[in-house]
Amino acid sequence: SLAESYENYVSIRPSFITGAGRDDSRPMERIGATLSDGLLGTLGLLGGRRLRNRYRSITNVQLARAVIHFGLLDKASAQVVEGESLHDV
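Residues numbered from 1 in each chain as written. Predicted model: local features only at pLDDT ≥ 70, side-chain atom pairs only at ≥ 80, totals over all residues. Heavy atoms only, no water.

Asks: Tell me about the environment of arginine 65, residues and numbers included.
Replies: Position of arginine 65 among the secondary structure elements: in helix α4 (residues 60–72). Residues arginine 65 and glycine 44 lie 21 residues apart in sequence; the distance between their C-alpha atoms is 25 Å. (Helix = DSSP H or I, 4+ residues; strand = E, 2+ residues; numbered from the N terminus.)

Written as structure tokens, this is what we have:
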């Protein structure tokens, strides 16, 4: 496993990845992201902001920024970054 192989690592765990300019066509992922974001948006309005923030889709550009940001942090331990933290970068 990752934890057994490395002392220091960052594991990035996004939800659906969206955005223009992707090399591959993923129509089901786009449909899933749209439906999921709609449902999560409604849940957010009803008090489920934490759930919405954790699982909402992220664009490929946002994800790239987050990977660079968290990959460059000098941390002396293992780190798992969930979806809600990826949007804040």
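Asks: So what's going on with the environment of serine 85? Which residues, and what values?
Replies: With respect to the helices and strands, the residue serine 85 is situated in helix α5 (residues 83–86). Serine 85 gets classed as partly exposed once you look at its relative accessible area, which sits at 30%. Considered as a pair, serine 85 and proline 27 are 58 residues apart in the sequence and their alpha carbons are 26 Å apart. (Buried < 20%, exposed > 50% of the residue type's maximum accessible area, 1.4 Å probe, protein only.)

Asks: Describe in detail helix α2 (residues 27–45), supporting the description with residues and values.
Replies: The end-to-end C-alpha distance of α2 is 27 Å, a good match for the 27 Å that 19 residues give at a rise of 1.5 Å each. Turning to α2, its buried residues number three or more, namely Glu29, Gly32, Ala33, Ser36, Leu40 and Gly44. Each buried residue of α2 sits inside an arc of 100° when the element is viewed along its axis, so together they form one side. Among the exposed residues of α2, those oriented more than 90 degrees off its buried face are Thr34, Leu35, Leu39 and Leu45. Buried-residue contacts for α2 involve β2 (17–18) and α3 (49–55). (Expected span 1.5 Å × (residues − 1). Arc of directions from axis to C-beta. Contact = heavy atoms within 4.5 Å.)

Asks: Account for α4, naming residues and giving values.
Replies: The end-to-end C-alpha separation of α4 is 18 Å, in line with the 18 Å expected for 13 residues at 1.5 Å each. Taken together, the buried positions of α4 are occupied by Leu63, Ala66 and Phe70. Mapping the buried residues of α4 onto a view down its axis gives an arc of 60°, with all of them on the same face. Turned more than 90 degrees away from the buried face of α4 sit Arg65, Ile68, Gly71 and Leu72, all of them exposed. Where α4 is buried, its residues touch β1 (10–13), β2, β3 (58–59), β4 (79–82) and α5.

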